[in-house]
Amino acid sequence: MAGGSAGLPKRLGTLLSGLLECGAFCGLIFGWASLVFVLKDLQYFKEWCQPTGVPDLNGTEMLDCSRQDEQFSLVFTIGSFMNNFMTFPMGFIFDRFGTTVARLIAISLYTGGTLLVAFSTPGLAVLLFPAMSMLSVGGILLILTNMQVGNLFGKYRSIIITLYNGAFDSSSAIFLIIKVLYGHGLSLRTMFLFMAACSAWHLLRTLFLMPRTRIPYPLPPTYNYGLRCPGRSRSYRTYEEKRAPGEAGPEETPLEPVAPRGDAAPPAVPFAACARSARFAWHVAWLSVLQLRHYLFIGTLNPQLQRLAHGDAGLVSTYTNAFAFTQLCGVLCAPWNGLILDRHKRGKAPHRHGALGALADLQASVLSLVVTVVLGLLFSIAAAIPMLPVQFGTFVLQVLSRSFLYGGNAAFLAIAFPPQHFGKLYGLAMALSALVALLQYPIVALVQGPLQGDPFYVNLGLIAVVLVAFFSPVVVARECRRQAKELGAAGTPLAAPPGTETPDKATH
């Protein structure tokens, strides 16, 4: 091992601690259905319930709580919107200022969100709006800084990116744990104060197991990171003085591939060219329609279960627990997508580099995109069937589809575009998809109002909308064929690192 490089134990420590961080803290809001069960029991937004004038079996006047459900849906809508929309400015912060600054912002938001929930009351239920938004933005920024950990493990890069996104999905089960502990007598305030105290662990990990800026790809043989790196904190100035003028330090432009000395640097693709490309536009459409389907399902799950269970609180609790339990499986499902993306890197054949290697990575992403859409379509069909037992299958398809969606989104952006723009493109894709996700609130209002709580026709419409996502893999497959013909005509593969391409190709 080269002197001063990060050893395997340290890299594994970073990987496993990042997996725990993503799996326990990053995607909390997607367990919203479990938390709603607790909040309803605590009488949050109870003032929105209206008497119906109809007595129940016990002679007590029944209440119409559809407006209470709308308030809970609005909290989730705003929180999920912020989860995506704020990723764009946070991606700029990550690309411009690096890991440490981004993580400190994320930790502050996460801590503030947990404290707001801890000190909220039924009379201060309005605190849930900023609290869920802060938890969402803090969580997405934490996972954004963690996805670069895949760069430490070379040919397993896509698998690790998808694994982290699967852990992000599984973190929604934390609210199930809160629901179970609440049922055993633990107060909501105590649990969220404990979660706020966990911010100290995030801070320690930021200082000792994460880079100051970013982790480069490909990884230099002597790369190291963290405050306790041998010589890092004491000799960084010396390193700066000794290196050649104009040469970037190991953490200053780490995501940009470094051309060999004496070779011409590959043409840089501007961010605007990437953002305007057809490849990116159709990928955003792919992400947006599938994400809208998931957000609507999660945001309306509680009233949907109540309708199908005819108000049986025991059945609703059982199915809510089953849904939250399946979310734990996200961390197991997501790496399957990584295996699809990295399948061409396995085996005895040498891994291709340069333009051919970049093309092979892009070709592998086509199958991943198609499988994700197929899973989303099957999930949408199952969700449209108004039968309670079918929902168990719907939960399984939902976690499969969502784990493929978010892991595939991050991996595709890392593969298909220059890595120095990853944070900005990831943030822009999430922000644009957030604008589409805002449709969930008027759709919920449509279901609760004119459709009288029956989402059947809306679900049928969503099946048709999901079909739009098939355009993305078609566009990528056509680009792969075009690039393969160009490389074949050139006769010799271009010596460009993965993700670097000429601006005119990026905009086709």
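**Some words on the overall build of the protein chain**
Step number 1: On a plain count of helices and strands, the protein chain comes out with 23 helices and two strands.
Step number 2: Here the protein chain holds 508 residues, and 55% of them are scored as buried.
Step number 3: Accessible area for the protein chain stands at about 20900 Å²; split by element, carbon and sulfur atoms hold 69% of it.

**A word on the packing of helix α3 (residues 66-85) against helix α19 (residues 422-437)**
Step number 1: Viewed as axis vectors pointing N to C, α3 and α19 meet at an angle of 150°, and their least axial separation amounts to 7 Å. Classified by the angle between their axes, α3 and α19 sit roughly antiparallel to one another. Together, Phe-81, Asn-83, Asn-84 and Phe-85 of α3 and Gly-427, Met-430, Ala-431, Ser-433, Ala-434 and Leu-435 of α19 make up the contact between the two elements.
Step number 2: Here the contact of α3 with α19 is built from residues that sort into six nonpolar, four polar and no charged.

**Quick notes on the packing of aromatic side chains**
Two aromatic rings, taken as a pair, are described by how far apart their centres are and by the angle between their planes.
Step number 1: Applying the stated criterion across every chain, the model contains 27 aromatic pairs.
Step number 2: Through successive ring pairs, a cluster of aromatic residues spans Phe-297, Tyr-319, Phe-323, Phe-379, Phe-392 and Phe-395.
Step number 3: The positively charged end of Arg-96 is found above the aromatic ring belonging to Phe-97, 5.2 Å away from the centroid.

**Notes on the layout of surface pockets**
Step number 1: Taken as a whole, the second largest pocket holds about 1200 Å³ of empty space.
Step number 2: In terms of lining, the second largest pocket is formed by 42 residues, of which the most central are Lys-40, Asp-69, Asn-302, Pro-303 and Gln-306.
Step number 3: Considering every element that reaches the lining of the second largest pocket, the biggest residue donor is helix α14 (residues 301-308), with six residues.
Step number 4: Looking at the lining of the second largest pocket residue by residue, the classes come out as 19 nonpolar, 15 polar and eight charged.

**Things to note about the packing of helix α2 (residues 32-41) against α3**
Step number 1: At a closest axis distance of 11 Å, the pairing of α2 and α3 adopts a crossing angle of 140°. With respect to their mutual orientation, α2 and α3 come out oblique. Crossing of α2 against α3: the hand is right-handed. Along its contact with α2, which presents Trp-32, Val-36, Leu-39 and Lys-40, the element α3 presents Gln-68, Asp-69, Phe-72, Val-75 and Phe-76.

**Looking at the nonpolar core**
Step number 1: Counting 118 residues, the largest nonpolar core has Trp-32, Leu-35, Ile-178, Leu-188, Phe-192 and Tyr-426 as the members making the most contacts within it.
Step number 2: Among all residues touching Trp-32, those that are not within four sequence positions of it are Leu-39, Phe-72, Val-75, Phe-76, Met-132 and Phe-175.
Step number 3: Within the second largest apolar cluster, seven residues are counted, among which are Ile-443, Val-444, Val-447 and Val-458.

**Points about the state of the cysteines**
Step number 1: Applying the stated criterion across every chain yields a total of one disulfide.
Step number 2: There is a disulfide in this structure between Cys-49 and Cys-65, and the S-S distance comes to 2.1 Å. With the S-S dihedral at roughly 115°, the linkage between Cys-49 and Cys-65 falls on the right-handed side. Residue Cys-49 is located in the loop between α2 and β1 (50-55), and its partner Cys-65 is located in the loop between β2 (61-64) and α3; the two are separated by 16 residues in the primary sequence.

**Considerations on a nonpolar patch on the surface**
Step number 1: Taken together, Val-374, Leu-378, Ile-381, Ile-385 and Met-387 make up a surface patch of nonpolar side chains, about 390 Å² in accessible area.
Step number 2: Along the chain, the position of Ile-381 falls in helix α17 (residues 354-383).
Step number 3: A residue is classified by how much of its surface remains accessible, and Ile-381, at 39% relative accessible area, is partly exposed.

**What to know about helix α5 (residues 99-118)**
Step number 1: An ideal rise of 1.5 Å per residue puts 28 Å on 20 residues; α5 measures up with 28 Å between its terminal C-alpha atoms.
Step number 2: All of the buried residues in α5 are Thr-99, Ala-102, Arg-103, Ala-106, Ile-107, Leu-109, Tyr-110, Gly-112, Gly-113, Thr-114, Val-117 and Ala-118.
Step number 3: Lining the buried residues of α5 we find α1 (8-26), α4 (87-97), α6 (128-146), α9 (188-197) and α10 (199-208).

**Section: the pattern of salt bridges**
Opposite charge on two side chains permits pairing when their charged atoms draw close.
Step number 1: One pass over the full model with this rule turns up nine salt bridges.
Step number 2: With its nearest N and O atoms 2.7 Å apart, the salt bridge here joins Lys-40 to Asp-69. Of the two residues, Lys-40 sits in helix α2 while Asp-69 sits in helix α3, which places them 29 residues apart along the sequence.
Step number 3: For Lys-40, a relative accessible area of 17% puts it in the buried group.
Step number 4: Ionic pairing is found between Asp-169 and Arg-402, a salt bridge with its closest N-O pair at 3.4 Å. With Asp-169 in helix α7 (residues 157-170) and Arg-402 in helix α18 (residues 390-416), this pair connects stretches of sequence that are 233 residues apart.

**Overview of the pairing of β1**
Step number 1: Of all six residues that make up β1, zero are buried, and the element is exposed over most of its length.
Step number 2: With three bridges connecting them, β1 and β2 associate as antiparallel partners. Directly across from Pro-55, in β2, lies its bridge partner Glu-61.

Rules and cut-offs
- Residues numbered from 1 in each chain as written.
- Predicted model: local features only at pLDDT ≥ 70, side-chain atom pairs only at ≥ 80, totals over all residues.
- Heavy atoms only, no water.
- Helix = DSSP H or I, 4+ residues; strand = E, 2+ residues; numbered from the N terminus.
- Buried < 20%, exposed > 50% of the residue type's maximum accessible area, 1.4 Å probe, protein only.
- Areas by Shrake-Rupley, 256 points an atom, 1.4 Å probe, with all protein chains shown as cover.
- Axes fitted to C-alpha atoms, helices over the stretch in contact; angles between N-to-C directions.
- Parallel < 35°, antiparallel > 145°, perpendicular 65-115°, else oblique.
- Contact = heavy atoms within 4.5 Å.
- Nonpolar A, V, L, I, M, F, W, Y, C, P; charged D, E, K, R; others polar.
- Phe/Tyr/Trp six-rings, centres within 6.5 Å; stacked < 30°, edge-to-face > 60°.
- Lys NZ or Arg CZ within 6 Å of the ring centre and 35° of its normal.
- 1 Å grid on protein atoms, 1.4 Å probe; cavity = no way out; pocket = protein on both sides within 12 Å on 5 of 7 lines; lining within 4 Å.
- Points joined across faces, edges and corners; volume = space filled by probe spheres on them.
- Left-handed = near helix turned anticlockwise from the far one by under 90°.
- Core = buried A, V, L, I, M, F, W, Y, C linked by side-chain atoms within 4.5 Å.
- Disulfide = S-S within 2.5 Å.
- Patch = residues over 30% accessible without salt bridge, like charges linked within 9 Å, V, L, I, M, F, W, Y side chains within 5 Å.
- Salt bridge = Lys/Arg side-chain N within 4 Å of Asp/Glu carboxyl O.
- Expected span 1.5 Å × (residues − 1).
- Pairing = 2+ DSSP bridges.

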